[in-house]
Amino acid sequence: MKTSSSNTKECVWENACFTHLQCPFHTVNSLQQVVLTTSTCLNALSCSHALFHCDQVQYTLVPVTGWQDLGTAFLEHKEQYQYFVLINCGVNVDLLETLQPEEDSIFFICDTHRPVDVVNVYNDTQIKLLIKQDDDLGVPSYDDIFRDDEGEDEDADGGDSGNESDGSSEPSGKRRRFDEAGTCIYRREILFDYEQYEYHGTSAAMVMFELAWVMTKDTKDMLWWSIIGLTDQWVHDKITHMKYVTDIATLQRHVSRHNHRNEDEENSLSIDCMRISFEYDLRLALYQHWSLYESICNSCYTSCSFKLWSMNGQKKLQEFLADMGLPLKQVRQKFNSMDMSIKENLREVIEESANKFGMRDIRVQTFGVHFGFKNRFLASDVVHAAASLLENVEKDESATDNFIKALDCLSRSNIERLHLGIDLAKKKLKAIQQTVASCICTNLILSQGPFLYCHLLEGTPDVKLFSKPLALTLLCKYLLKAFVFSTRNKRCKVLPLIMAAPMDVEKGTVIVLGIPPESETSDKKNFFGRAFEKAAESTSSRTLHDHFDTSSSYVNHQVADQPLSKNVILALSVGLCTYTHTQQGALPTWLSLTAWIKH
């Protein structure tokens, strides 16, 4: 870190948006090779597509699943390459401290994870952040978190070295040490307040698309990939509803601009044409590629609203279908086979009946796409398909192989791959719905004081599927929402949820995920990253915090002195509760975990 003045640093940061964004494509010779390191998540997939088409830059694509993979990839390529582009990874740690690169290595980081590490923010030599200027990061000022070494030396030279001054009976050297101690405490408080919550900013795919737009290199395909990146954040509940609506409006303007371009009439009617449209569609997963009945049963919104895990819920579903006036034969067959007279106003009919049953948000703003005259998909369809291909457990293939297949399904020239992903997504959604029903009916969700806890045991149906973070995230969100709808305990309705699932039976590891309380007004900020680290430290558990999303962690439950008799997940739970119970004398809340971490 250079010791330049804070004014200069803050000025550089305020102007770090598209100036740095264009560097890899304008200041780097088009023949210069770069390493493109991308995390294996859907946002990175669509972002990768956009990046490849921005300019004629040779690249080496390296998918990584976590911090260990990132470190290994850098060690393998640091001798051959100077420029590294990191997509959806690297922004929330001190990258230079983590990777220990040479001084001539340059990193361009386009990452949606927040908060941004302060060293990455104020380092303007090797770290180039690709972030929109209107993203409110709340970064502390340079003077509050960094000290000027030159100023320290001057103070040391001009100090009295322990002699009394100004009539004080205390040596000035000791006063200076007290001041330094107070400054360190103040700095730690500022950094803790800034770094305590994990959340997500603007989709990396959207940032890359807007870069291409500024460079007048944007295409309709890149626009579609940026839509997929935003929809991925909505499907996996990473951003607030307000953020989603705001970004939808931004993309809608770009869609209108592309649709009104003066295109060749023959090309616009060709079999290979692509048409993107704004939709106010149903919150029913994959319903256009499934039967309407299956989609209603396996969509989180409708399943939780009806409480389909209960007999009363099944009865209410039948009443809902009767209210719509749709024959069961039509509802249970594939959507494409339904009568055209029914499909014409189906969305309006469903919305009218849904309002009667308390589902006033059955429709949501989104986008759809037509490939030629036959293939039509919603953005959420592609998100579910790509995520299922990315975490496919049916075949014993590497994460890199799955990444390439998921990447292929985003191309309109590979529709078969996309349909394969949709079939996998149907199986995953069915498994999630069945697991949720099982957990609710067998009371597997336990209250552990400041949070709820659920552990999927080995032998649970489809448990292998939930060893993957995206699938476990969907299950966790679905389960917490279902629990809130089913419980009568008002206090439990406002608690977060920790969920654990077997990761590797032979190694004795489990994957642990924590999510904030279920709330329509939630800011989607997650505190469990810090909480897991503190709990692992206080319980001496063997853990691995390797995910780019800090709210998930790997834990080894084969403790040496108690092999398999009491898993470490429960020990983590006790560790999380200990401080808040003993210090506050009452059942703690979600926010009281902050005090425990500070302690």
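Residues numbered from 1 in each chain as written. Predicted model: local features only at pLDDT ≥ 70, side-chain atom pairs only at ≥ 80, totals over all residues. Heavy atoms only, no water.

- For the protein, the name recorded in an unreviewed UniProt entry is CDC45 cell division cycle 45 homolog (S. cerevisiae), with Pygocentrus nattereri as its organism.
- Regarding the protein, the UniProt comment filed under Sequence similarities (unreviewed entry) reads as follows: "Belongs to the CDC45 family."
- On record in UniProt, under Subcellular location (unreviewed entry), the comment for the protein is "Nucleus". (UniProt positions renumbered as here; feature names shortened; annotations may be inferred.)

## Topic: the overall build of the protein
Here comes step 1: From N to C terminus, the protein includes 27 helices and 16 strands.
Here comes step 2: Within the span of the protein, comprising 599 residues, buried residues form 54% of the whole.
Here comes step 3: For the protein, restricting intrachain contacts to residue pairs at least 6 apart in sequence, the fraction spanning at least 24 positions comes to 71%. (Helix = DSSP H or I, 4+ residues; strand = E, 2+ residues; numbered from the N terminus. Buried < 20%, exposed > 50% of the residue type's maximum accessible area, 1.4 Å probe, protein only. Contact = heavy atoms within 4.5 Å.)

## Topic: the side chain of S295
Here comes step 1: You can see S295 is positioned in helix α15 (residues 292–298).
Here comes step 2: Look at S295 and you get buried, because its relative accessible area is 0%.
Here comes step 3: Among residues more than four places away in sequence, those in contact with S295 are L284, A285, L286, Y287, W290 and T302.

## Observations concerning the packing of helix α11 (residues 204–214) against helix α13 (residues 241–259)
Here comes step 1: Close contact between α11 and α13 brings their axes to 12 Å; oriented N to C, the two are set at 40°. Where α11 crosses over α13, the two elements pack in a sense that is left-handed. Between α11, through M206, F209, E210 and W213, and α13, the contact on the second element is made entirely by D247, T250, L251, H254, R257 and H258.
Here comes step 2: Partitioning the contact of α11 with α13 into residue classes produces four nonpolar, three polar and three charged. (Axes fitted to C-alpha atoms, helices over the stretch in contact; angles between N-to-C directions. Left-handed = near helix turned anticlockwise from the far one by under 90°. Nonpolar A, V, L, I, M, F, W, Y, C, P; charged D, E, K, R; others polar.)

## Some details on the sheet that holds strand β10 (residues 375–378)
Here comes step 1: In space, the three strands of this open sheet follow the order β8-β9-β10, with antiparallel pairing throughout. Two strands in the sheet have a free side with no partner beyond their single neighbour: β8 (274–282) and β10. The average angle at which neighbouring strand axes cross in this sheet is 25°, direction not considered.
Here comes step 2: Across four bridges, the pairing between strand β9 (residues 363–371) and β10 is antiparallel. The partner of V369 across the bridge, within β10, is F377.
Here comes step 3: With respect to the sheet, helix α12 (residues 220–235) is in contact with β8, β9 and β10, its orientation differing from that of β8 by roughly 25°.
Here comes step 4: Packed onto the sheet, helix α20 (residues 346–356) meets β8 and β9 and runs at close to 20° relative to β8. (Pairing = 2+ DSSP bridges.)

## Focus: the sheet that holds strand β6 (residues 127–129)
Here comes step 1: With parallel pairing, the five strands of this open sheet are ordered in space as β2-β1-β3-β4-β6. The sheet is open, and its two borders are formed by β2 (59–64) and β6, each paired with just one other strand. Strand after strand, the sheet turns through a mean of 20° between neighbouring axes, direction not considered.
Here comes step 2: Sheet analysis places strand β4 (residues 106–110) next to β6, joined by three bridges and oriented parallel. Following the sheet pairing, F107 is matched in β6 by I127.
Here comes step 3: Against the sheet, helix α22 (residues 399–408) makes contact with β1 (34–39) and β2, and its axis sits at roughly 115° relative to β2, the strand it touches most.

## A few points about the nonpolar core
Here comes step 1: Membership of the largest hydrophobic core comes to 81 residues, with the highest contact counts inside it found for W224, I227, I276, F466, L479 and L497.
Here comes step 2: Setting aside chain neighbours within four positions, we find L497 in contact with I445, L452, Y453, C454, C476, L479, L480, L513, G514, I515 and F528.
Here comes step 3: Counting residues in hydrophobic clusters, the runner-up holds 34 residues, among them L70, A73, L137 and V139. (Core = buried A, V, L, I, M, F, W, Y, C linked by side-chain atoms within 4.5 Å.)

## Focus: the environment of L321
Here comes step 1: In this fold, L321 is placed in helix α17 (residues 311–324).
Here comes step 2: Overall, the relative accessible area of 2% leaves L321 in the buried class.
Here comes step 3: L321 sits 32 residues away from S353 along the chain, and the two C-alpha atoms are 8.5 Å apart.
Here comes step 4: Non-local contacts of L321, meaning those with residues more than four positions away in its chain, are made with Y293, I296, L326, L328 and V331.

## Focus: the pairing of strand β14 (residues 509–515)
Here comes step 1: Where burial is concerned, most of β14 is hidden: seven out of the seven residues are buried.
Here comes step 2: The antiparallel pairing of strand β13 (residues 497–504) with β14 creates a hairpin that spans four residues between the two strands, and G508 there sits at a positive phi of about 70°.

## Looking at α22
Here comes step 1: Restricting attention to buried positions, one finds in α22 the residues N402, F403, A406 and L407. Considered in projection along α22, the buried side chains sweep an arc of 140° and stay on one side of the axis. (Arc of directions from axis to C-beta.)

## Considerations on the packing of α11 against α12
Here comes step 1: In contact at an axis separation of 8 Å, α11 and α12 are set at 155° when each is read in the N-to-C sense. The angle between the axes of α11 and α12 places the two elements in the roughly antiparallel class. The hand of the α11/α12 crossing is left-handed. Between α11, through A205, M206, F209 and A212, and α12, the contact on the second element is made entirely by M222, L223, W225, S226, G229 and L230. (Parallel < 35°, antiparallel > 145°, perpendicular 65-115°, else oblique.)

## A few points about the pattern of salt bridges
Here comes step 1: Tallied over the full model, the rule gives 19 salt bridges.
Here comes step 2: D135 serves as the salt-bridge partner of R114, at 3.5 Å between the closest nitrogen and oxygen. Of the two residues, R114 sits in strand β5 (residues 113–114) while D135 sits in the loop between β6 and α8 (142–145), which places them 21 residues apart along the sequence.
Here comes step 3: Taking relative accessible area as the criterion, D135 reaches 15% and is therefore assigned buried.
Here comes step 4: A salt bridge links D281 to R347; its shortest N-O distance comes to 3.2 Å. With D281 in strand β8 and R347 in helix α20, this residue pair connects regions lying 66 residues apart in the sequence.
Here comes step 5: Given a relative accessible area of 0%, D281 falls into the buried group.
Here comes step 6: Residues joined in a network through salt bridges with shared partners are R114, D135, K243 and D247. (Salt bridge = Lys/Arg side-chain N within 4 Å of Asp/Glu carboxyl O.)

## Points about the packing of aromatic side chains
Here comes step 1: A complete count under the given rule lists 18 aromatic pairs for this structure.
Here comes step 2: Measuring from ring centre to ring centre gives 5.4 Å for W234 and Y244, while their planes differ by 20°; the resulting arrangement is stacked. Separated by 10 residues along the polypeptide, W234 in helix α12 and Y244 in helix α13 bring together distant segments of the chain.
Here comes step 3: Classification of W234 as partly exposed rests on a relative accessible area of 24%.
Here comes step 4: Ring centres of Y287 and F335 lie 5.3 Å apart, and the angle between their planes is 90°; on these two criteria the pair is classed as edge-to-face. (Phe/Tyr/Trp six-rings, centres within 6.5 Å; stacked < 30°, edge-to-face > 60°.)

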